[in-house]
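Okay, here's what each chain looks like letter by letter:
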Amino acid sequence: MTQTSTGPSRRSPWSLHGDGRSVRPGDVVHPDERLSWPRTVGVGVQHVVAMFGATFTVPLITGFPPATTLFFSGLGTLLFLLITGNRLPSYLGSSFAFIAPVLAAKAGGDIGPALGGILVAGVALALVGLVVQLAGSRWIDALMPPVVTGAIVALIGLNLAPVAWDGGGSGTGVLAQPLIAVVTLAAILLATVAFRGFLARLSILLGVLVGWLLAALLGDLDPAAVTGLREAAWVGLPDFHAPTFSLRAVVLVIPVILVLIAENAGHVKAVAAMTGRNLDRDMGRAFLGDGLATVLAGTGGGSGTTTYAENIGVMAATRVYSTAAYWIAGFAAVLLGLSPKFGALILTVPAGVLGGATTALYGLIAILGARIWIENRVDFHDPVNLMTAAVAVIVGAANYTLTAGDLSFNGIALGTAAALVIYHGMRLVARLRGTTAESRRGPEPEL
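Small disclaimer: the values here were computed from a predicted structure and weren't measured.

### Thoughts on helix α6 (residues 146-159)
The terminal C-alpha atoms of α6, which comprises 14 residues, lie 19 Å apart, in line with the 20 Å expected from a rise of 1.5 Å per residue. Taking burial as the measure, the 14 residues of α6 include 12 buried ones, the bulk of the element. The complete set of buried residues in α6 reads V147, V148, T149, G150, A151, I152, V153, A154, L155, I156, G157 and N159.

### Here's the deal with the pattern of salt bridges
Under the defined criterion, the tally for this structure stands at four salt bridges. When the shortest N-O distance is used, the salt bridge between E375 and R371 registers 2.8 Å. You can see E375 and its partner R371 sitting in helix α17 (residues 351-375), four residues apart, about one turn around the helix. Residue E375 is classed as partly exposed on the basis of its relative accessible area, which comes to 43%.

### Here we look at the side chain of K341
Of note, K341 is situated in helix α16 (residues 340-346). Here K341 sits buried without a salt bridge, and the closest side chain of opposite charge, E231, lies 9.3 Å off (N-O distance). Among the polar contacts made by the side chain of K341, one reaches the main-chain carbonyl oxygen of R230 at a distance of 3.5 Å.

### Some thoughts on the confidence of the model for the protein chain
Per-residue confidence for the protein chain gives a mean pLDDT of 82; residues scoring 70 or more make up 89%. The least confident element of the protein chain, judged by mean pLDDT, is strand β1 (residues 5-8) at 50; the most confident is helix α13 (residues 283-300) at 94. Scored below 50 in pLDDT, residues 1-5 makes 16 contacts in the model with residues more than four places away or belonging to other chains.

### With respect to the packing of helix α14 (residues 309-318) against α17
Two numbers describe a pair of packed helices, the interaxial angle and the distance between the axes. Viewed as axis vectors pointing N to C, α14 and α17 meet at an angle of 80°, and their least axial separation amounts to 8 Å. In terms of orientation, α14 and α17 fall into the roughly perpendicular class. From α14, A309, E310, I312, G313, V314 and A317 reach across to α17, where they touch L361, Y362, L364, I365 and L368. Considering only residue class, the contact of α14 with α17 consists of nine nonpolar, one polar and one charged.

Reading guide: rules and limits
Residues numbered from 1 in each chain as written. Predicted model: local features only at pLDDT ≥ 70, side-chain atom pairs only at ≥ 80, totals over all residues. Heavy atoms only, no water. Helix = DSSP H or I, 4+ residues; strand = E, 2+ residues; numbered from the N terminus. Expected span 1.5 Å × (residues − 1). Buried < 20%, exposed > 50% of the residue type's maximum accessible area, 1.4 Å probe, protein only. Salt bridge = Lys/Arg side-chain N within 4 Å of Asp/Glu carboxyl O. Lys, Arg positive; Asp, Glu negative; His and termini not counted. Polar contact = N/O pair within 3.5 Å; in protein donor to acceptor, adjacent residues only side chain to side chain. pLDDT = per-residue confidence, 0-100. Contact = heavy atoms within 4.5 Å. Axes fitted to C-alpha atoms, helices over the stretch in contact; angles between N-to-C directions. Parallel < 35°, antiparallel > 145°, perpendicular 65-115°, else oblique. Nonpolar A, V, L, I, M, F, W, Y, C, P; charged D, E, K, R; others polar.

Printed below as a string of structure tokens:
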């Protein structure tokens, strides 16, 4: 039984969910609903906490200014909410898909050409969004049935697993500070079941705070980061950079839109599965919103954006899908981007804390893919479905990588491509040969 809301206000796009203080077991707070404003602010802050680790990681790797990236991620999120008509909860953070091509596109350390490539990629994604919105989204169901979308969502979570463990090979994450990571994760798990009501829904934020405090007590905060925090100004403009354009940089960066399309489509499907609403009509708007947000970032020195998997994990944990929380998160990111002091504070969060928190978040993403399969009753007796999911998940989890010259495609891109090609290729052959799941069962692994 769904908890009723008080009805929409003429002055607000959100109706109050129930009494605004609690969410009954089995209920969700829908995008057009909200909790009380103090609780909504709390959820919005948790979204900021969830995104900042990855959002700051990308510019730190690529050499982009972190505060500028945070500033444009906030602006991009607000733009995305406007373009999607306030119906699609999402935070737009730095896309990891841009790392390899951006590093290749930087000329002598100058980020200008890379920004030009990001801008053009954003324009291309926005154009795809317009085409999808005008042509309709029915073809998306045919192109990406539940077995495919579930595989894509699952492989994204599994692909991120090494980042939680050791920073994807950088020696950070859980590996850097195992004790702090375990305590952070334990605090998240304990808060989820030990507290009632709203505090239980802030488990990730509480876990991060516990982990940070433990690291401070143990003297495991980075001394350079602490010094930077003391010296940073409270208010200041981000470090803006203008794009420049070169064909080489554009050719290197523009293939990233294939990953962004898959990530956005997977995000829309995931939110639809969690809220029980059909959001396919907003698929084109999601592409358009992310495309324009990426254009905006490219014009001023920010990293290219994407709908963030980390925040899907927060929604899955809290069952609060209110876009009001994302408006809070977007404005908070913009304001924090204008504070060098906060940027320095972010840099003090230990790797172990992020490792513990992302262990839970990335795991929730992977399990959400399985939930899509279960709720859509995907038939894994059908060998086409079985092999589609099996191969795509392994390609993503192992982070298969294909390099062609200066171009590089990682496990998310290749796993997505594998899911699409295997599903449609095997379906085509089955139709031509007259073989079906009923007439020929595929081998099932013995467990």
